[in-house]
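Breakdown of the fold
Residue-level listing of the chains:
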Amino acid sequence: MHRTRIWRSVAAATMLLCISSVTFAQTPTAEPRPVITVSGTVRNSAGHPVADVSVFFEEQANAASVETKTKADGTFSFLALRPGTYTVRAEKSGMRAPASASLLLSLGEKKQIDLVLESSPPNQSSSPSTKKSGSSPPAMEFDDKPSFTVAGVTDWTNVGGHGSDTKLRTSESLAKETATLKSGEPGEASAAASEAARAADAHRLAGDRAEHSGDPLAAVREYEQAVRLNPNEQNYFAWGTELLLHRAIKPASEVFTKGAAAHPKSARMLAGLGAALYAGGAYADAARRVCEASDLQPADPTPYLFLGKMEMAASDPLPCVEQKLARFTHDQPANALGSYYYAVALWKKSRGAGEGPENSPAVQQAEALLQMAVTADPKLDAAFVQLGILYDAQGNPTQAIDAYKKAVEANPQSTEAHYRLALDYKRTGEDERSEKELQRYKQADKSETAAIEQQRREIRQFLIILQDQPQTPAPPEKPEK
């Protein structure tokens, strides 16, 4: 054991020496060598920065560890010379912060990690789900304690997820739509309620302020505290939404599941659960939950639009979606998105059944719905694109080109419209036009990808410790190019 500690000390000293060489060994004319920068802030459970905390930066490959102390404002910073898998943890007398999830870092990467110190009982490792300090919240009033702890936050690098980038974009869109529902329904009145209920309202409002000010870690703790004191529908929904927005998918599913069980008449709770299940790759279950939400409030467009987005990104038709969209279109025929999504559902059904593109009643109905959609909203470029796809399948490239051109008129940045125009111009022998559309597609796609990347990097991702899973397995090493 003593020899192992010596070797680790040597490895740590070597790592520090390498770090120092980055700063001092460069000549004025040398090209700066790219390094990895990991920085962050250590806070206590009340959200206040903590100074003089020992923070450890550990490389998993050889157990090398570098230690630093937090400054007066709770901040710390590390540098590293080589790519690899690292973890960050923090300790202070009587307190610990659970280690971060494994971080796969590349040269030139900059990572922001925020950690939360919690009390550590004597002779025990820090438990992510218990708190013994004087600032700890009282025992939860609902039956089951959560099986997770939010250990910190990090900047976005690779959100992971399931399926294609289309599905990832859909899950991100659903999360944002879920967040808009936070103010969509009035909260339960608590003016004459218990002191705990009034205190819970104060915590929820503090969570709202923290999220708006860019401190999601403080926000999620305020929302959790609100549910501990008063597990009403509004508090549950705020907590689940905050977890979902910051990519804590399993915890969000858990909170929405418990919230839906406690408040079975809440349509938005079921919609939030559907969004969380979708983000976790359970697409069929997600659709079923949102279908249930649409049954609770048949006149509310929100569940149907959730279903439409899910169906758009699905490889195969999802359960119950076509039936619910049919009802919505029948009840609200002027809703352009409703007609568009129902048309897509019918189109997918016809293709999956192998029906002919010209004579299928489903295809004819889909075309009529798309025409209704663009009449109701001439700026709905996606509906024009779908019309073009339908015409292409029927062997009518001239009509398809006209539809794609209208899509571009409605939205000059429509990547799919430019791409499909390029293909149809190529088929009809108009090579020059095809090349121009292909270049427009590349430019629009580049801009769209950059915008999405920027949006993702602006969302800070929670670091989660799951019960009985104290550390996330390290991802496989990326092969060197």
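Residues numbered from 1 in each chain as written. Predicted model: local features only at pLDDT ≥ 70, side-chain atom pairs only at ≥ 80, totals over all residues. Heavy atoms only, no water.

1. Some remarks on the overall build of the protein
Within the protein one finds 16 helices and 11 strands. Expressed as a percentage of its 481 residues, the buried residues of the protein come to 46%. For the protein, restricting intrachain contacts to residue pairs at least 6 apart in sequence, the fraction spanning at least 24 positions comes to 63%. (Helix = DSSP H or I, 4+ residues; strand = E, 2+ residues; numbered from the N terminus. Buried < 20%, exposed > 50% of the residue type's maximum accessible area, 1.4 Å probe, protein only. Contact = heavy atoms within 4.5 Å.)

2. Some words on the pairing of strand β5 (residues 84-92)
Bridging between strand β2 (residues 54-59) and β5 involves six bridges; their strand directions are antiparallel. Bridge pairing in β5 places Val55 opposite Ala90. Bridging between β5 and strand β7 (residues 103-105) involves three bridges; their strand directions are antiparallel. Among the inter-strand pairings, Gly84 is bridged to a residue of β7, identified as Leu105. (Pairing = 2+ DSSP bridges.)

3. Considering the state of the cysteines
In the structure shown here, the tally under the stated rule is one disulfide. A sulfur-sulfur separation of 1.9 Å characterises the disulfide bridge that pairs Cys291 with Cys320. Taking the sign of the torsion about the S-S bond as the criterion, the disulfide between Cys291 and Cys320, at about 95 degrees, is right-handed. Of this pair, Cys291 sits in helix α8 (residues 283-296) while Cys320 sits in the loop between α9 (301-313) and α10 (321-331); the two residues are 29 residues apart in sequence, bridging distant segments of the chain. Relative accessible area serves as the criterion here: at 24%, Cys320 is assigned to the partly exposed category. (Disulfide = S-S within 2.5 Å.)

4. Some points on helix α13 (residues 381-393)
Its 13 residues place the ends of α13 19 Å apart at the C-alpha level, agreeing with the 18 Å of an ideal helix rising 1.5 Å per residue. Buried residues dominate α13, accounting for 10 of its 13 residues. Taken together, the buried positions of α13 are Asp381, Ala383, Phe384, Val385, Gln386, Leu387, Gly388, Ile389, Leu390 and Tyr391. Gly395 sits one or two positions beyond α13 and adopts a positive phi of about 80 degrees. (Expected span 1.5 Å × (residues − 1).)

5. A short note on the pairing of strand β10 (residues 148-154)
Among the seven residues in β10, seven count as buried, and that is most of the element. Note: strand β8 (residues 110-116) against β10, three bridges, orientation antiparallel. Considered in β10, the bridge of Ile113 is made with Thr154. Alignment of β10 against strand β11 (residues 461-466), held across six bridges, turns out to be antiparallel. Bridging from a neighbouring strand, Gly152 pairs with Leu463 of β11.

6. Some thoughts on unusual backbone geometry
A positive phi angle is found at Asp52, which is not glycine, with a value near 60 degrees. Mapping Asp52 onto the fold places it in the loop between β1 (36-43) and β2.

7. Observations regarding the environment of Lys442
Mapped onto the elements of the fold, Lys442 is located in helix α16 (residues 431-458). Spatially, the C-alpha atom of Lys442 lies 7.8 Å from that of Thr415, the residues being 27 residues apart in sequence.

8. Regarding the packing of aromatic side chains
Two aromatic rings, taken as a pair, are described by how far apart their centres are and by the angle between their planes. According to the stated counting rule, one finds nine aromatic pairs in the structure shown. Pairing Tyr278 with Tyr283 gives two aromatic rings, centres 4.8 Å apart and planes at 55 degrees, and the pair type is tilted. Arg89 extends its terminal NZ or CZ atom over the ring of Phe56, reaching a point 4.2 Å from the ring centre. (Phe/Tyr/Trp six-rings, centres within 6.5 Å; stacked < 30°, edge-to-face > 60°. Lys NZ or Arg CZ within 6 Å of the ring centre and 35° of its normal.)

9. Concerning the layout of surface pockets
When its volume is computed, the largest pocket comes out at roughly 1600 Å³. Contributing to the lining of the largest pocket are 46 residues, with Thr166, Arg169, Thr170, Met312 and Glu448 lying nearest its centre. Of all the secondary structure elements, the ones that give two or more residues to the lining of the largest pocket are α2 (165-180), α5 (233-245), α9, α11 (336-352), α13, α15 (415-427) and α16. It is α2 that provides the largest number of residues to the lining of the largest pocket, a total of nine residues. Tallied by class, the residues present in the lining of the largest pocket amount to 22 nonpolar, 11 polar and 13 charged. (1 Å grid on protein atoms, 1.4 Å probe; cavity = no way out; pocket = protein on both sides within 12 Å on 5 of 7 lines; lining within 4 Å. Points joined across faces, edges and corners; volume = space filled by probe spheres on them. Nonpolar A, V, L, I, M, F, W, Y, C, P; charged D, E, K, R; others polar.)

10. Considering the environment of Gly84
Mapped onto the fold, Gly84 is located in strand β5. Note on Gly84: relative accessible area 4%, which makes it buried.

11. Some points on the sheet that holds β1
The strand order across the open sheet formed by five strands is β4-β1-β8-β10-β11, and the pairing between neighbours is mixed. Sheet topology places β4 (75-80) and β11 at the edges, where each strand pairs with a single neighbour. Sheet twist, expressed as the mean angle between neighbouring strand axes with direction ignored, is 25 degrees. Both β1 and β4 contribute to a ladder of six bridges, which runs antiparallel. Residue pairing for β4: Val38 is matched across the bridge by Phe78. Seen against the sheet, helix α4 (residues 216-229) touches β8, β10 and β11 and runs at an angle of roughly 160 degrees to β10. (Axes fitted to C-alpha atoms, helices over the stretch in contact; angles between N-to-C directions.)

12. Some points on the confidence of the model for the protein
Looking at the protein as a whole, its pLDDT mean stands at 80, while 76% of the residues score no less than 70. Per-element averaging of pLDDT across the protein places helix α1 (residues 2-24) at the bottom with 41 and helix α14 (residues 397-410) at the top with 97. This stretch, residues 184-190, has a pLDDT under 50; its non-local contacts, to residues over four places away or in other chains, come to 12 contacts. For residues 469-481, every residue scores under 50 in pLDDT, and the model assigns this stretch 18 contacts once sequence neighbours within four places are set aside. (pLDDT = per-residue confidence, 0-100.)

13. Brief notes about the pattern of salt bridges
The tally for this structure, following the rule as stated, stands at 23 salt bridges. Taking the shortest distance from any N to any O, the salt bridge between Asp295 and Arg327 comes out at 3.0 Å. Taken together, the residues Asp295 in helix α8 and Arg327 in helix α10 connect sequence positions 32 residues apart. With relative accessibility at 38%, the residue Asp295 sits in the partly exposed group. Among the ionic pairs, Lys436 bridges to Glu432, the shortest N-O distance being 3.9 Å. Of this pair, Lys436 and Glu432 both sit in helix α16, four residues apart, which is roughly one turn of that helix. (Salt bridge = Lys/Arg side-chain N within 4 Å of Asp/Glu carboxyl O.)

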